[in-house]
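# Summary of the model geometry
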Amino acid sequence: MADIQYRLEQVRRVSGEFPGPKSVELAERRKAVVAGGVASSVPVYVADADGGVIVDVDGNSFIDLGSGIAVTSVGASDPAVVGAVQEQVEHFTHTCFMVTPYEGYIAVAEELAKLTPGDHEKRSVLFNSGAEAVENAVKVARLATGRDAIVAFDHAYHGRTNLTMALTAKAMPYKTNFGPFAPEIYRVPMSYPYREESDIKGEEAAQRAITMIEKQIGADSVAALLIEPIQGEGGFIVPAEGFLPTLAAWAKDKGIVFIADEVQSGFCRTGAWFASQHEGVVPDIITMAKGIAGGLPLSAITGRADLLDAVHPGGLGGTYGGNPVACAAALAAIGSMREHDLNARAQHIEHLVKRRLEALITDLGDGGIVGDLRGRGAMLAVELVRPGTARTTKEPNPEATKAIAAACLEAGVIILTCGTYGNVVRLLPPLVISDELLEDGLDVLVGAIRAHA
Ligand SMILES: *Cc1c(COP(=O)(O)O)cnc(C)c1O
């Protein structure tokens, strides 16, 4: 990118053994002390990261197409974020906003009021993780409506805490043997255009969910509808046009709080500040985390003032929520998003990636393994199926997905997978990645898909 100065050379460079000797040594130390339940998708250990590259302890330079799961949109060492953090830690690292408050928290809330959809009066609360934001959005919705039921969707991912496990759809690895789960959570069908039985429209898919809610729960019992406008871990599923607006309008009519979980899709990732904006949806509450603070742990909920102010003083908070260093980082990261127009940049990335992958799909024809190419901005994915089933039975191909991600990694490209069926390769590059580096990463990905097709 013309206006971005990189500290590290933006190149793909892998040599020698993989993983290298220093990474192997760290893996051994890790095995002795880190719990086995924490898995890492990449076997190398990081020494440095900047722009579109991650450099490991053995000096290999990888192209980062994962951004630490959609977090480092402004890069992993954006000078503006680094400077703001340094400035803040020299003064105070923590006082607790619930004890002795500070300006940074208020300034972040002011930004969130400006950036989130809708020009109604808004209030915000800051937390540490995405799961915590979702939990608190549910707390607010239940208190404000006096109702219990929360409706979530097929393929949803909302976190790993007890309540958010219940809200998450996928058993393995997120829920299996971790129960019992929180009650009053209901699940209804998502709009998943690639896997619909028929050519169902977004409005019809919404009506299918609404009918199920009305018949099985009753609208009057529902506190909130919780949905990712573009699903993340579930497979980067973009619902059919009309699905989200129909649900939001119905929720409004029934006094149900419409919560958009934009933890992954927020902050320029999809080419807009929030994915809800692509269809003009104005959520009652929006949850945010991941991309918000250039890598520092911060999350937030922003919503209608009448909902958030319904909660009694002291009902919301947490020791670290809205930590001053994280707030300083968020203000700087948001500044970088504006300065470099990262929404336009995400749209440009969509154009580059889709052009390459559409050409590949045409080339492979119906016998290929790419079933679907989807996503918005720099939140893009290919869904892989068994050869020849792309237009027929659409049989998931998790083996090829794994093999492709592994081949990319050995060639120096970090690529993540996701999906209910484990058959989706997802692309989440830092939005500040250069065109040259992205094209090089795509060469590797396209080559790996071809080799497995
Ligand atoms: C990652 C994610 C969460 C959970 O965020 P954590 O910070 O890992 O707790 C919740 N919702 C969505 C949509 C996510 O992608």
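Higher on the page you've got the structure.
Below you will find a few notes about this structure. Quick caveat, the model's predicted, so the values are computed rather than measured.

## What about the packing of helix H3 (residues 79-89) against helix H10 (residues 324-339)?
Closest axis-to-axis distance for the H3/H10 pair is 8 Å, and the angle between their directions is 155°. One finds that H3 runs roughly antiparallel with respect to H10. Considering the relative orientation of H3 and H10, their crossing is right-handed. Of the residues in H10, those touching H3 at Ala80, Val81, Ala84, Val85, Gln88 and Val89 are Pro324, Val325, Ala328, Ala329, Ala332, Ala333 and Ser336. Among the residues making up the contact of H3 with H10, the classes are represented as eleven nonpolar, two polar and no charged.

## Here we look at helix H12 (residues 398-410)
With 13 residues, H12 should reach 18 Å at 1.5 Å per residue; the first-to-last C-alpha distance of 18 Å fits that figure. All of the buried residues along H12 are Ala400, Thr401, Ile404, Ala405, Cys408 and Leu409. Summarising the contacts, the buried residues of H12 are in contact with strand S3 (61-64), strand S12 (379-384), strand S13 (413-414), strand S14 (416-418), strand S15 (424-427) and helix H13 (435-452). Just downstream of H12 lies Gly412, where phi reads positive at about 100°.

## Overview of the pairing of S3
Both faces of S3 are covered, namely the face carrying Ser61 and Ile63 and the face carrying Phe62 and Asp64. One ladder, built from three bridges, connects strand S2 (residues 53-56) with S3; its direction is antiparallel. Among the inter-strand pairings, Val53 is bridged to a residue of S3, identified as Ile63. Bridge analysis of S3 against S13 gives two bridges, and the strand direction is parallel. The partner of Asp64 across the bridge, within S13, is Ile414.

## Here we look at the sheet that holds S14
On the basis of which strands lie adjacent, the open sheet formed by four strands has the order S11-S12-S15-S14 and antiparallel pairing. Of all the strands in the sheet, the pair left with one neighbour each is strand S11 (370-376) and S14. On average, adjacent strands in this sheet sit at an angle of 25° to one another, irrespective of strand direction. Note: S12 against S15, four bridges, orientation antiparallel. Bridge pairing links Glu383 to Val424 in S15. Its contacts with the sheet put helix H11 (residues 342-364) on S11, S12 and S15, and the angle it makes with S11 is roughly 170°.

Procedures and definitions
Residues numbered from 1 in each chain as written. Predicted model: local features only at pLDDT ≥ 70, side-chain atom pairs only at ≥ 80, totals over all residues. Heavy atoms only, no water. Axes fitted to C-alpha atoms, helices over the stretch in contact; angles between N-to-C directions. Helix = DSSP H or I, 4+ residues; strand = E, 2+ residues; numbered from the N terminus. Parallel < 35°, antiparallel > 145°, perpendicular 65-115°, else oblique. Left-handed = near helix turned anticlockwise from the far one by under 90°. Contact = heavy atoms within 4.5 Å. Nonpolar A, V, L, I, M, F, W, Y, C, P; charged D, E, K, R; others polar. Expected span 1.5 Å × (residues − 1). Buried < 20%, exposed > 50% of the residue type's maximum accessible area, 1.4 Å probe, protein only. Pairing = 2+ DSSP bridges.

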